[in-house]
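# Remarks on the overall topology
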Amino acid sequence: MSTDRIDKILAHEGFGTRKDVRKYFRASQVLVNGKVITDPGFHCDIDKDEISVDGEILNIQKNIYLMMNKPQGVVCANKDGLHDTVFSLLDEQYRVGFALENLHLIGRLDIDTEGLLIFTTDGKLTHRLISPKTNCPKKYFVRLEHPVSESEKKEYDDCVSKGIHIPAEDNEDEADCLPAKIEFTDKDDEVFLTIVEGKYHQVKRMFRALDNKVIYLKRVSINELKLDENLATGSYRKMTEEEVALLG
Ligand code: URA
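Residues numbered from 1 in each chain as written. Predicted model: local features only at pLDDT ≥ 70, side-chain atom pairs only at ≥ 80, totals over all residues. Heavy atoms only, no water.

### Some details on the nonpolar core
- Judged by nonpolar contacts, the single largest core of 37 residues is most densely connected at Phe119, Val142 and Phe207.
- Here this core spans two domains, and each of domain 2 (65-132 + 227-246) and domain 3 (138-222) adds at least three residues to it.
- With 15 residues, the next largest nonpolar core counts Tyr65, Cys136, Leu225 and Leu231 among its residues. (Core = buried A, V, L, I, M, F, W, Y, C linked by side-chain atoms within 4.5 Å. Buried < 20%, exposed > 50% of the residue type's maximum accessible area, 1.4 Å probe, protein only. Domains from an automatic or database assignment.)

### Considerations on the pattern of salt bridges
- Scanning the entire structure with this criterion turns up 16 salt bridges.
- Notably, a salt bridge pairs Lys204 with Asp110, separated by 2.7 Å at the nearest N-O pair. Placement of Lys204 in helix 6 (residues 202-209) and of Asp110 in the loop between strand 8 (104-105) and strand 9 (113-120) is noted, with a sequence separation of 94 residues between them.
- Its salt-bridge partner being Arg143, residue Glu190 comes within 2.9 Å of it at the nearest N-O pair. Here Glu190, found in strand 14 (residues 190-195), pairs with Arg143, found in strand 10 (residues 138-144); they are 47 residues apart in sequence, far enough to count as distant.
- The exposure class assigned to Glu190 is buried, which follows from its relative accessible area of 11%.
- On the accessibility criterion, Arg143 (28% relative accessible area) is partly exposed.
- Look at the salt bridges and you will find they share partners, linking Asp4, Lys8 and Lys124 into a network. (Salt bridge = Lys/Arg side-chain N within 4 Å of Asp/Glu carboxyl O. Helix = DSSP H or I, 4+ residues; strand = E, 2+ residues; numbered from the N terminus.)

### Topic: the sheet that holds strand 5 (residues 51-53)
- Strand order in this open sheet of four strands is 3-2-5-6, and the pairing throughout is antiparallel. Each of the sheet's edge strands pairs with one partner strand only, and the pair in question is strand 3 (35-36) and strand 6 (56-57).
- In terms of strand pairing, strand 5 meets strand 6 through two bridges, oriented antiparallel. Residue pairing in the sheet places Val53 in a bridge with Glu56 of strand 6. (Pairing = 2+ DSSP bridges.)

### Some points on the site of the ligand
- Inspection of the region around the ligand gives Leu109, Asp110, Thr113, Tyr140, His201, Gln202, Val203, Lys204 and Leu217 as its neighbouring residues.
- Taking Thr113, its side chain carries an N or O atom lying 2.8 Å from an oxygen atom of the ligand.
- Its free accessible area being 240 Å², the ligand has 95% of it covered by the protein chains.
- Among the cavities detected, the one that contains the ligand is the largest pocket.
- The element that contributes the greatest number of residues to the shell around the ligand is helix 6, accounting for three residues.
- Here the residues of the shell around the ligand sort into four nonpolar, three polar and two charged.
- If you count residues domain by domain, the shell around the ligand takes at least three from each of domain 2 (65-132 + 227-246) and domain 3 (138-222). (Near = heavy atom within 4 Å. Polar contact = N/O pair within 3.5 Å; in protein donor to acceptor, adjacent residues only side chain to side chain. Areas by Shrake-Rupley, 256 points an atom, 1.4 Å probe, with all protein chains shown as cover. 1 Å grid on protein atoms, 1.4 Å probe; cavity = no way out; pocket = protein on both sides within 12 Å on 5 of 7 lines; lining within 4 Å. Sits in = over half its atoms within 2 Å of the grid points. Nonpolar A, V, L, I, M, F, W, Y, C, P; charged D, E, K, R; others polar.)

This is how it looks when you write it as structure tokens:
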């Protein structure tokens, strides 16, 4: 959730240009949560704050934030001629009107990847999180085809933490990845990998570069937000304000 200047919000809501709306501030007709606001540059959050102008409470469309535990077999696209899309798993209310126009994904997962997927109408949040400058950490649970021996663990750790070179795939060139973090578990074929970018098939290509193969992949967190493990695969729910804040 993010804040905006109140004059910008009023202009957006049809009260005229930012210059036009100054008259409401001069006349002390703008209230935020019951308090008179005279500064047009005052910041507020339409998802949390109640704004009224000349006694009328504004009914501003609130941003939508949904968390899904993506199942395998569905694609992260608006339309696909071949497969069901993650949007087809949403209720009708998220496929009409404002949601239809504005609901989008924050980052995609491959068809065979499960786990944390965020839908939102908050373009600013999405822009912030997917910007390459943000280095937003995404953590994956990975099951590998080949168990990793103790000596290989050291090699994996070195390569991944330095920034590994990944092979070309499909139309994507070979590339250097930013440093990432690998965590080993008590099973030799199961690890957690945290990456801060979102290159095409990045996790799979990273393990291919290590002569291994990903056989199961699940995103478990984005930034500080963890997937709700009580969310059955294929289901979704609205996120709480605290969860949205954890996205950063
Ligand atoms: N890396 C991959 O290889 N696939 C995903 O779905 C996400 C990250």
